[in-house]
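Breakdown of the fold
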Amino acid sequence: MLSIRDNELLTQVGPGMPMGQLMRYYWQPVCSVQDLAASPFRTKEVEILGEKLVVFRDRQGRLGLVEGHCSHRRASLAYGVVENDGIRCQYHGWKFDHSGRCLEQPFEDTTHPEDRFREKCGIRGYRVEELAGLVFAYLGPEPAPLLPRWAPLVYDNAVRDIAITELPCNWLQAQENSLDPVHLEWLHNYSGSYFAQIMAGEEPELGEYQPRHQKIGFDVFEYGIIKRRLTIGNTEEHDEWRIGHPILFPNVLVVGNPLANIVQFRVPIDDNRTLHFSVYTWRPAPGFDAPKQDSIPSRWVPLRDENDRLLVNHVFNQDYTCWVSQGPIAERNLEKLGKSDEGVILFRKMLLDQLKRVQSGHEPAINVFRDPSSNVSLELQLERAKYGGQVTLQDVTYRPLEAGCSRDADKIEAVLRTWQHIDPKWAAGEIPELEPVLASH
Ligand code: FES
Ligand SMILES: [Fe+2]
């Protein structure tokens, strides 16, 4: 359990709150490039860390991110006129540059230029950068660190897809799930097959079920925590124990293998809502080219069915259902944590330690990157793909892990098909094997 005070410390993310301060040291995705491009206004309203903002792309193609409302009489800049060097409020023509500086106030400038009123009328403007089909923002103190270039986000010769969900719950519920190996066998296996039978209109069979996890382990590493599991029938030589999954501090998870993986960002919108981004990447077999994507597609993932029930028929939707069902902010003061929650406890401690650092005037000690030469591609140790050599036609079917389907499903399958040309007898150690559907996370 956690005290009410510590629960508040870890979950309140607005400006001025300790966790809000910590989170502001980290670049966060705010929307997809595709969603911004789809707006005829060249703008998109976004909300993160308790701040309502507007992203825009100016006439020169540069991204901007400013406070959502004009400093004059608070009209929404989402309906502003995007110009060469900034955004002009549609209501009375005040214009702001990318840093939020007020450049023009047409009436005041004409009638009372000597007042220099506009110098007092700036709005907040933040740094923004594009990577892997996402728009990332930095809301923290200057000098800004570098946007981390996690390897899966910068592989070339790959096909990508982005899935976005708005979750009505606090970010920490999502991230704690990544430190919880045991839920895999219950939520996704036992309960997952129960759900599947119900969804198929069948009376579910309740078979005997033997717990599969024998041991779980967690190690702090340079970028966060590595989560390991040992399940029945495997030895410590198995990738799930030997390599494990990286959880990147503070709110990112990477699952999969070097050939098919997912980077998930759990971005706080405010204390009670989370914007969840999954960036999927598929790479072709050596010697093959991935089909070109004109743009990286993004899609919104539904959370509920037509009866307003939370969806449970996709792996990630099963996770979303559990996080949302814990309530807007889980009452951690009422929990009963067992040995299976060792990773959750370690992660909370890591957060509290870094919070203390920030409160004492330092920047966090993890994942604040300032050296461009070591931020070209941040390599992560990922498990090799499972199911050695089982590359069959059936295996190269794209099966979305969350509700909906990628616009580029045909390109994803084209990448998967390249693996049919690989000799299945190749040793697992020489070449990572393909796993189109990720079995564990
Ligand atoms: S409200 Fe924006 S210029 Fe008046
Ligand atoms: Fe899960």
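1. Some thoughts on the nonpolar core
Met19, Val55, Leu65, Leu153, Phe265 and Leu351 are the most contacted members of the largest nonpolar core, which totals 99 residues. Considering every element that reaches this core, the biggest residue donor is helix α10 (residues 342-359), with seven residues. Setting aside anything within four residues of it in sequence, one finds Phe265 in contact with Pro29, Leu134, Phe136, Leu153, Asn251, Val252, Leu275, His276, Phe277 and Val279. The next biggest cluster of nonpolar side chains, apart from the first, holds 15 residues, and it includes Val54, Cys70, Ala78 and Phe96.

2. Topic: empty space enclosed by the protein
Inspection of every chain in the model, using the stated rule, returns six cavities of 30 Å³ or more. Its boundaries defined by the atoms lining it, the largest cavity holds a volume of some 130 Å³. The wall of the largest cavity is formed by 19 residues, among which Tyr26, Trp27, Pro148, Trp150 and Val252 lie closest to the centre. Here the residues of the lining of the largest cavity are counted per class, giving 17 nonpolar, two polar and no charged.

3. What to know about the side chain of Thr321
Inspection of the secondary structure assignment puts Thr321 in helix α9 (residues 315-325). For Thr321, the contacting residues outside a window of four places in its chain are Leu310, Leu311 and Val312.

4. Quick look at the side chain of Thr11
As for its position among the elements, Thr11 is in helix α1 (residues 4-11). Residues within four places of Thr11 in sequence aside, it is in contact with Asn170, Trp171, Leu172, Asp271, Ile329 and Arg332.

5. Focus on the environment of Gly100
One can find Gly100 in the loop between β7 (95-96) and β8 (102-104). C-alpha of Gly100 to C-alpha of Tyr126: the two residues are 26 residues apart in sequence and 7.9 Å apart in space. Each residue touching Gly100, except ones within four places of it in the same chain, is listed here: Val66, Gly122, Ile123, Arg124 and Gly125.

6. Notes on the domain arrangement of the protein chain
Structurally, the protein chain comprises domain 1 (28-138) and domain 2 (151-427). Relative to domain 2, the C-alpha centre of domain 1 lies at a distance of 34 Å. Each side of the interface is counted separately: domain 1 has 16 residues, and domain 2 has 20 residues. For the pair domain 1 and domain 2, the two sides together bury roughly 1400 Å², of which 61% comes from carbon and sulfur. Together, Gln34, Glu47 and Ala132 form the three largest contributors to the area buried by domain 1 at its contact with domain 2, with a combined 33%. On inspection of domain 1 and its partner domain 2, the count reaches one salt bridge.

What counts as what
Residues numbered from 1 in each chain as written. Chains lettered and ligands numbered in written order. Predicted model: local features only at pLDDT ≥ 70, side-chain atom pairs only at ≥ 80, totals over all residues. Heavy atoms only, no water. Core = buried A, V, L, I, M, F, W, Y, C linked by side-chain atoms within 4.5 Å. Buried < 20%, exposed > 50% of the residue type's maximum accessible area, 1.4 Å probe, protein only. Helix = DSSP H or I, 4+ residues; strand = E, 2+ residues; numbered from the N terminus. Contact = heavy atoms within 4.5 Å. 1 Å grid on protein atoms, 1.4 Å probe; cavity = no way out; pocket = protein on both sides within 12 Å on 5 of 7 lines; lining within 4 Å. Points joined across faces, edges and corners; volume = space filled by probe spheres on them. Nonpolar A, V, L, I, M, F, W, Y, C, P; charged D, E, K, R; others polar. Domains from an automatic or database assignment. Buried area = accessible area lost by both parts, 1.4 Å probe. Salt bridge = Lys/Arg side-chain N within 4 Å of Asp/Glu carboxyl O.

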